[in-house]
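Each chain is listed here by its residues.
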Amino acid sequence: MSRRRPLVTVALFTIFIVVPLIEIYVLIQVGQVIGPWWTILLLVLDSILGTWLIKREGGRTWRALRDALDGGRMPGTELADGALVLIGGTLMLAPGFVTDAFGILLIVPVTRPFFRRLLTTVVARRLILNVTRPGPGPSSGPVIRGEVVDDDQA
């Protein structure tokens, strides 16, 4: 638990302080190069492209998930793709070029396999840590003594 707390603090600091500062910096730099109205137009076009891309890839991912479930197979890849499209779409909601670019990378089918492997690795490590780390187990709570009665024999 002590190792996890600094990581959460760093992640929150990065998300809420560093990323917005980077976005503001990039917006100012782009605005100085192409002008404020072209920057605003570029942001609007970026949002339209992002909306179209999220709708298209979200629909594809949803169909793939349904096909996997209808075929009776575990939809691991489809669930990971759905999570990446959702995260990418959320990033596209934030105004700015940096989060939009990263969101597009998560959504586009060409780059999604790389991020799917990354996501799978992170989730697998978290699961392994939670399984191997000693923590509260079945015997950590109060013990209630009793007798198990099988309904068939009663």
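Refer to the preceding data block for the structure.
Residues numbered from 1 in each chain as written. Predicted model: local features only at pLDDT ≥ 70, side-chain atom pairs only at ≥ 80, totals over all residues. Heavy atoms only, no water.

Draft legend 1. Expanded view of the overall build of the protein chain. Along the protein chain, the regular secondary structure elements total five helices and zero strands. A sequence separation of at least 24 residues applies to 56% of the contacts in the protein chain between residues at least 6 apart. (Helix = DSSP H or I, 4+ residues; strand = E, 2+ residues; numbered from the N terminus. Contact = heavy atoms within 4.5 Å.)

Draft legend 2. Highlighting the packing of aromatic side chains. Taken as a whole and assessed by the stated rule, the structure comprises two aromatic pairs. For the ring pair Phe102 and Phe115, a centre distance of 5.6 Å and an interplane angle of 90° mean the geometry is edge-to-face. Of this pair, Phe102 sits in helix H4 (residues 97-107) while Phe115 sits in helix H5 (residues 112-132), placing them 13 residues apart in sequence. In this structure Phe102 comes out as partly exposed when scored by relative accessible area, which is 39%. Between Phe114 and Phe115, the ring centres sit 5.0 Å apart and the planes meet at 80°, which makes this aromatic pair edge-to-face. Ring pairs connect the aromatic residues Phe102, Phe114 and Phe115, which therefore count as one cluster. (Phe/Tyr/Trp six-rings, centres within 6.5 Å; stacked < 30°, edge-to-face > 60°. Buried < 20%, exposed > 50% of the residue type's maximum accessible area, 1.4 Å probe, protein only.)

Draft legend 3. Fine view of the pattern of salt bridges. For the structure on display, the rule yields six salt bridges. Arg56 is paired through a salt bridge with Glu57; the nearest N and O atoms lie 3.0 Å apart. (Salt bridge = Lys/Arg side-chain N within 4 Å of Asp/Glu carboxyl O.)

Draft legend 4. Quick look at helix H2 (residues 36-70). With 35 residues, H2 extends 50 Å from end C-alpha to end C-alpha; this agrees with the ideal 51 Å at 1.5 Å per step. Among all positions in H2, only Thr39, Leu43, Asp46, Gly50, Leu53, Glu57, Thr61, Leu65 and Ala68 are buried. Just beyond H2, the residue with positive phi is Gly72, at close to 75°. (Expected span 1.5 Å × (residues − 1).)

Draft legend 5. Highlighting the packing of H2 against H4. At a minimum axis separation of 11 Å, H2 and H4 run at an interaxial angle of 20°. Considering their axes alone, H2 and H4 lie roughly parallel with respect to each other. For the pair H2 and H4, the sense of crossing is left-handed. For the pair H2 and H4, the contacting residues are Thr39, Leu42, Leu43, Asp46, Leu49, Leu53, Ile54 and Glu57 in the first and Phe97, Asp100, Ile104 and Ile107 in the second. Residues of the contact of H2 with H4, tallied by class, amount to eight nonpolar, one polar and three charged. (Axes fitted to C-alpha atoms, helices over the stretch in contact; angles between N-to-C directions. Parallel < 35°, antiparallel > 145°, perpendicular 65-115°, else oblique. Left-handed = near helix turned anticlockwise from the far one by under 90°. Nonpolar A, V, L, I, M, F, W, Y, C, P; charged D, E, K, R; others polar.)

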